[in-house]
Amino acid sequence: MLVMYAVAFVAQRRIHDAEDFLVAGRRLTLPLASATLMATWFGAGTLLTAADEVRQGGLRTIALEPLGSGCCLLIAGFFFARPLWEMKLLTLPDFFRRRFGGAAETLSALIMVPSYFGWIAVQFIALAGMLELTTGIDLTTGILVVAVVGTGYTCLGGMWSVTLTDLIQLLLMLAGLIVLALSVLGSLGAGSIADGWFRLLEETPQALLTPIPIENVEEVLRWLSLFCVAALGNIPAQDLTQRIFASRSAQTARRACWCAGTGYLLFGMIPVMLGLAAHLLLPADQQQAIVPALGQAFLSPLTFIIFLLTLASAILSTIDSALLAPASILSLNLLERFNRGRLSSNLLTRLCIVFISAASVAVAYLGEDAYSLLEDAYSLPLVGLLVPLTLGIYGRACGQRPALWSMAVGAGVWAVHYSLGWDSFLQPLMTVLGVALPVPLAALGCGWLAYSLSAGRDSGTC
C-alpha cells in the first residue's frame with residue numbers, strides 16, 4: 001500500500017492541467033494503455049464472483065464475466081476507438097454535447113454517473129470480505145477502510161496514478177492467478193498438471209460444461225441478455241473511453257483494446273477453471289469465496305499471503321479507475337457550469353471522487369448480492385446510451401431530439417421494470433402470453449425505436 005501511494009505521489013508531478021489529471025495528457029503508450037484497460041475491469045467480478053457462479057451454475061454463467069467484458073474490449077477496438085479518439089474528448093458526455101447538444105450531454109451524464117455506484121460497491125464488498133477473512137475486521141468497517149484507501153491514491157494523481165498503479169497491480173494479479181491455477185491442477189492430478197486438467201474435464205458433470213443453455217427459448221434469451229449487457233453495455237462507459245482518450249494515438253487506442261480484450265478472455269478463464277475445480281475439491285457447503293478458499297487450501301501460508309495481496313491489488317486497480325470515471329463526468333459535465341472558476345477543475349474533480357466513493361459505500365451497505373449489483377451497473381449505459389452513441393458516430397446528423405428520446409425511453413423502460421421488480425418485459429402481461437423477454441434487451445429495442453421514430457419525424461434535418 002505504501003508503494004501504491006508512493007507511485008501516486010510521484011504521478012502528481014506530471015499533472016499541470018485537467019487534461020493531465022483526467023486523460024494522462026493523452027500520452028499513454030500501448031503497454032500502459034493495454035494494462036490499464038485490462039486492470040480496470042479485471043476485479044471482483046472476474047476474480048471472485050465469476051468463480052463462485054461457475055461453481056454453482058457451470059460455464060453458462062460466464063456470459064457476463066469474463067466472456068462479455070472481454071468481447072466488449074474487442075468490439076470497442078474495432079468500431080469505437082478510432083472515431084472517439086479523433087474527437088479529442090475528456091469525457092464521453094462531451095461526445096453527446098458535440099453531436100447532439102447540451103441537453104444530451106446533461107442527460108447522458110445523469111445516466112452514467114449512478115451506473116457506477118453498484119459496480120464500485122461490488123469492489124468494496126469483495127475487498128472488505130477478504131479483510132474479514134484474513135484480519136477479522138468486520139465487513140461494515142472493512143468497506144469503509146477500503147473506500148478510504150482507494151479514494152486516497154485516486155485523488156493524489158488522477159489518471160497518471162491510476163495508470164501506473166494499474167500496471168503494477170496487473171502484473172501482481174496475473175502472477176498470483178497462474179501460481180494458484182498450477183497448484184490446483186497439480187493437486188487434482190496428484191502432482192501432474194496435465195493429469196489434473198484431464199481429471200477436471202472427465203469428472204466435472206456435463207451439465208456444468210455446457211456454455212450456452214439450450215433447454216428452452218427463455219434460457220437462451222436470458223443468456224443472450226447477460227452477454228449483451230456486458231459486451232455492449234460497457235461501450236458507452238467512461239472508464240473504457242477515458243483510456244481511449246488517454247492513448248497517444250488512434251492506432252494505439254485500437255491496439256490497446258485488442259490486446260486488453262484478448263488478455264482478458266485468456267486470463268479470465270483461470271477463475272472459471274478454478275470455479276469448476278472447486279466443485280471437485282471443496283465441500284458442497286463451502287461458504288467462503290471460492291478463489292481465496294482454494295488459495296488457503298492449496299498454497300503454503302506464505303504463498304497464500306502473497307496471493308491475497310495480488311487479489312487486493314487487482315480489486316484496488318478496479319476501484320481507482322471506477323472512482324475517477326464518474327467523478328470526471330460529475331465535475332466537468334454537471335458541476336462545472338455552476339462552479340464558474342471558484343474552484344480549479346482538478347480540485348472539483350477530487351471532491352467529486354470523494355462524493356462518488358461515499359455514495360458507493362452507501363450502496364455497499366444496502367447488502368445487495370454482488371452479482372446482481374454488477375449486472376445492474378452494466379445495464380443502464382446499455383439501454384440508455386448505446387443507441388445514440390452508435391448512431392451518433394455512424395449515422396447522419398438528426399438534431400438532439402432523437403438522442404434525447406432514445407436515452408429517456410431506454411433508461412425509463414429499464415428503470416420502471418427495475419423499480420417494480422419485474423425480470424421480464426411487461427412481466428404480468430407477457431407471463432399470460434407465455435413470452436419472457438429480458439428487460440435489458442427490451443429496453444435497448446425501445447431506445448432504438450424511439451431514436452428511429454424521432455429521426456424519421458425530423459427527417460428534414462437528417
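Cut-offs used in this document
Residues numbered from 1 in each chain as written. Predicted model: local features only at pLDDT ≥ 70, side-chain atom pairs only at ≥ 80, totals over all residues. Heavy atoms only, no water. Helix = DSSP H or I, 4+ residues; strand = E, 2+ residues; numbered from the N terminus. Rg over C-alpha atoms; globule rule 2.2 N^0.38 Å. Buried < 20%, exposed > 50% of the residue type's maximum accessible area, 1.4 Å probe, protein only. Areas by Shrake-Rupley, 256 points an atom, 1.4 Å probe, with all protein chains shown as cover. Patch = residues over 30% accessible without salt bridge, like charges linked within 9 Å, V, L, I, M, F, W, Y side chains within 5 Å. Salt bridge = Lys/Arg side-chain N within 4 Å of Asp/Glu carboxyl O. Polar contact = N/O pair within 3.5 Å; in protein donor to acceptor, adjacent residues only side chain to side chain. Contact = heavy atoms within 4.5 Å. Axes fitted to C-alpha atoms, helices over the stretch in contact; angles between N-to-C directions. Parallel < 35°, antiparallel > 145°, perpendicular 65-115°, else oblique. Left-handed = near helix turned anticlockwise from the far one by under 90°. Nonpolar A, V, L, I, M, F, W, Y, C, P; charged D, E, K, R; others polar. Core = buried A, V, L, I, M, F, W, Y, C linked by side-chain atoms within 4.5 Å. Disulfide = S-S within 2.5 Å. Phe/Tyr/Trp six-rings, centres within 6.5 Å; stacked < 30°, edge-to-face > 60°. Lys NZ or Arg CZ within 6 Å of the ring centre and 35° of its normal. Lys, Arg positive; Asp, Glu negative; His and termini not counted.

### Here's the deal with the overall build of the protein
Move 1: Helices and strands together make up the secondary structure of the protein, namely 20 helices and zero strands.
Move 2: By the compact-globule yardstick of 23 Å for 462 residues, the protein fits well, its C-alpha radius of gyration being 22 Å.
Move 3: Considering only C-alpha atoms, the protein reaches an extent of 70 × 60 × 40 Å along its principal axes.
Move 4: Scored against the burial criterion, the 462 residues of the protein give a buried share of 57%.
Move 5: Total accessible area computed for the protein in this model is approximately 18000 Å², and 67% of it derives from carbon and sulfur atoms.

### Focus: a nonpolar patch on the surface
Move 1: A cluster of nonpolar residues, V3, I168 and L172, forms a patch on the protein surface that exposes about 230 Å² of accessible area.
Move 2: Residue position: L172 is located in helix α9 (residues 139-188).

### Observations concerning the side chain of T204
Move 1: For T204, the position within the fold is in the loop between α10 (193-203) and α11 (217-231).
Move 2: From its side chain, T204 meets the backbone oxygen of L200 in a polar contact 2.5 Å long.

### Section: the environment of L324
Move 1: Examined against the element boundaries, L324 turns out to sit in helix α15 (residues 301-339).
Move 2: Taking the C-alpha atoms as reference, L324 lies 8.2 Å from T349; in sequence the two are 25 residues apart.
Move 3: With sequence-adjacent residues up to four places away left out, L324 is seen in contact with F21, L22, T154, G158, M159, V162, Q242, T349 and I353.

### So, the packing of helix α8 (residues 102-135) against α15
Move 1: Running from amino to carboxyl end, α8 crosses α15 at an angle of 155 degrees, the nearest separation of the two axes being 9 Å. As the angle between them shows, α8 and α15 are arranged roughly antiparallel. With respect to the hand of their crossing, α8 and α15 are arranged in left-handed fashion.
Move 2: Of the residues contributing to the contact of α8 with α15, the split by class is 24 nonpolar, five polar and two charged.

### Regarding the nonpolar core
Move 1: If you look at the biggest cluster of nonpolar residues, it comprises 146 residues, and the most contacted ones within it are L84, F95, F96, I244, L274 and L389.
Move 2: By size, the runner-up hydrophobic cluster in this structure holds six residues, among which are A63, C71, L226 and A231.

### Description of unusual backbone geometry
Move 1: Cis geometry is found at the peptide bond from E65 to P66, where omega equals 5 degrees.
Move 2: Take P66: it is sitting in helix α5 (residues 64-79).
Move 3: Phi at A24 takes a positive value of approximately 55 degrees, unusual for a residue other than glycine.
Move 4: The buried category is assigned to A24, whose relative accessible area is 0%.
Move 5: Positive phi is not limited to glycine here, since K88 has a value of about 55 degrees.
Move 6: Of note, K88 is situated in the loop between α6 (81-86) and α7 (92-100).

### Some points on the pattern of salt bridges
Move 1: On inspection of all chains with the given rule, the structure shows seven salt bridges.
Move 2: Between R27 and D20 there is a salt bridge, with its nearest N and O atoms 3.5 Å apart.
Move 3: With relative accessibility at 44%, the residue R27 sits in the partly exposed group.
Move 4: One salt bridge in this structure joins R337 and E105, with 3.9 Å as the shortest N-O distance. Residue R337 is found in helix α15, and its partner E105 is found in helix α8; the two are separated by 232 residues along the sequence.
Move 5: Using a relative accessible area of 6% as the deciding quantity, one classes E105 as buried.

### Some words on α7
Move 1: When α7 is considered as a whole, its buried residues turn out to be L92, P93, D94, F95, F96 and F100.
Move 2: Immediately beyond the C-terminal end of α7, within one or two residues, lies G101, with a positive phi of roughly 115 degrees.

### A look at the state of the cysteines
Move 1: In this structure the tally under the stated criterion is zero disulfides.
Move 2: C71 carries a free sulfur, and the closest cysteine sulfur to it, the one in C72, is 8.9 Å from it.
Move 3: On the basis of relative accessible area, C71 is assigned to the buried category, the value being 18%.
Move 4: Not engaged in a disulfide, the cysteine C72 finds its nearest cysteine sulfur in C257; these two sulfurs lie 8.5 Å apart.
Move 5: A relative accessible area of 0% means that C72 is categorised as buried.

### Points about the packing of aromatic side chains
Move 1: Evaluation of the coordinates by the stated rule reveals seven aromatic pairs.
Move 2: On the numbers, 6.4 Å between centres and 25 degrees between planes, the contact of F96 with F100 is stacked. Remark: F100 and F96 occur in helix α7; sequence separation between them is four residues, near one turn of the helix.
Move 3: In this structure an aromatic cluster arises from ring pairing among F95, F96, F100 and Y451.
Move 4: Directly above the aromatic system of F100 lies the positively charged group of R99, at a separation of 5.7 Å from the ring centroid.

### Remarks on the packing of α7 against α8
Move 1: As a packed pair, α7 and α8 sit with axes 7 Å apart at the nearest point and diverge in direction by 155 degrees. By the angle between their directions, the pair α7 and α8 is classed as roughly antiparallel. Between α7 and α8 the crossing geometry is right-handed. When α7 is examined against α8, the residues L92, P93, D94, F96, R97 and F100 are found in contact with a partner set consisting of G102, A104, E105, S108, A109 and M112.
Move 2: Taken together, the residues of the contact of α7 with α8 break down into seven nonpolar, two polar and three charged.

### A word on the side chain of R243
Move 1: Structurally, R243 can be placed in helix α12 (residues 238-246).
Move 2: For R243, which is buried and forms no salt bridge, the nearest opposite charge comes from D166, at a distance of 4.3 Å.
Move 3: Among the polar contacts made by the side chain of R243, one reaches the side chain of T40 at a distance of 2.9 Å.
Move 4: Engagement of the side chain of R243 in a polar contact is seen with the side chain of S321, the distance being 2.8 Å.

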